[in-house]
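So the chains spell out like this:
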Amino acid sequence: MSLRCRAVSYAYTRHGQTALSGVSAELAPGTMCTVVGRNGSGKSTLLRLLCGIERPTSGHVMWSGREMASMREPERAAVCAYVPQRPALSAAFTVRELVSLGQRASGVGLHSVESALEAMGISDLASKLWHRTSEGQRVRSAVARALVQCTERGLLVMDEPFAALDPGECARLMGVIRELRSRGMTVVCAIHHIGIASLLADEVWWLDEGRLIGAGSAANVLQPAALERTFGVPFGEHAGQILPILPAVPP
């Protein structure tokens, strides 16, 4: 169940703006891949293409030899779960009702609704209206829905899920991702936090202005000198993480 991008490009029709250009990469089953890059580098666009939500302007996104965007929606739902950067709902669902939507999408998820709520630490929110929860709680609910939808050796794609989480919930989600990976699931996650990316990733895809400028292990791709050139701040290694180095405070 490998995931493969072949010369994938995407241009927004309305503005003629190229978001991605010639992206080619491949992931083996059971791989955790983090997608990094500056704001506007094409990360979110790439994730939507990986899920088949958008179709490439040119090139192909293949899952187990099949074109992802050509699958019927129920077929895609059975192999791929997606957590957007800013989850949204148009109806007044409770947290439990939202999470149960994952069951309706695939019907064959690895987690039950109750176990997904527990895994994400939101069992106590189950009866609360989703739109009255905090941003971080909404993200955790969306991840729980994906856990209900996720299938054995399937694909989970998440767009900046750590951004709204406190440190404890970041650690919880990292544990969930590692557990899914151990069960053969392929996980692709856009992450701004280079430290988390360096800790989690088997593979890193680095985008810059819509092009893939690096793909490989975190140790090979997340080099401090290259990170400094891209982000404009120095980086160094601390306790196994690659982190930005804060400037000294003048006396």
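One structure accompanies this document, and this report is about it. Sequence order sets the numbering: in each chain, residues are counted from 1 along the sequence as written. Restriction of local features to residues with pLDDT of at least 70 applies here, the model being predicted, together with a cutoff of 80 or more for giving and counting side-chain atom pairs; totals for whole chains, interfaces and linings are based on all residues. As a rule here, side-chain values come from all non-hydrogen atoms in the structure, and water together with hydrogens is ignored.

**Side note on the packing of aromatic side chains**
And then number 1: The rule is short: rings of Phe, Tyr and Trp, with Trp giving its six-membered ring, pair when the centres are within 6.5 Å, and they are stacked under 30 degrees, edge-to-face over 60, tilted in between. Applying the stated criterion to the full structure yields two aromatic pairs.
And then number 2: Centre to centre, the rings of Tyr 10 and Tyr 12 are 5.2 Å apart; their planes meet at 85 degrees, and the pair counts as edge-to-face.
And then number 3: Taking the relative accessible area as the measure of exposure, Tyr 10 reaches 11% and is therefore buried.
And then number 4: Taken together, a centroid distance of 6.1 Å and an interplanar angle of 55 degrees make the contact between Phe 231 and Phe 235 tilted. For the exposure calls, accessible area comes from a 1.4 Å probe over protein chains only, and a residue counts as buried if that area is under 20% of its type's maximum, exposed if over 50%, partly exposed in between.

**Re the sheet that holds strand E5 (residues 66-67)**
And then number 1: One bridge is not enough; two strands pair if DSSP finds at least two bridges between them. Put simply, DSSP marks the helices as runs of H or I at least four residues long and the strands as runs of E at least two long, and each gets a number from the N terminus on. Read from one edge of the open sheet, four strands run E2-E1-E4-E5, paired in antiparallel fashion. Edge positions in the sheet fall to strand E2 (17-27) and E5, since each has one partner strand and no second.

**Some words on helix H9 (residues 224-231)**
And then number 1: Those residues of H9 lying buried are Ala 226, Leu 227 and Thr 230. Within H9, the buried residues cover an arc of 100 degrees as seen down the axis, which keeps them to one side.
And then number 2: Residues of H9 that are buried in the fold lie against helix H7 (194-200), strand E9 (203-208), strand E11 (235-238) and strand E12 (241-244).
And then number 3: Looking one or two residues past H9, Gly 232 carries a phi angle of roughly 80 degrees, positive in sign. Comment: arc refers to directions from the helix axis out to C-beta atoms. Residues are treated as being in contact if the distance between any of their heavy atoms lies within 4.5 Å.

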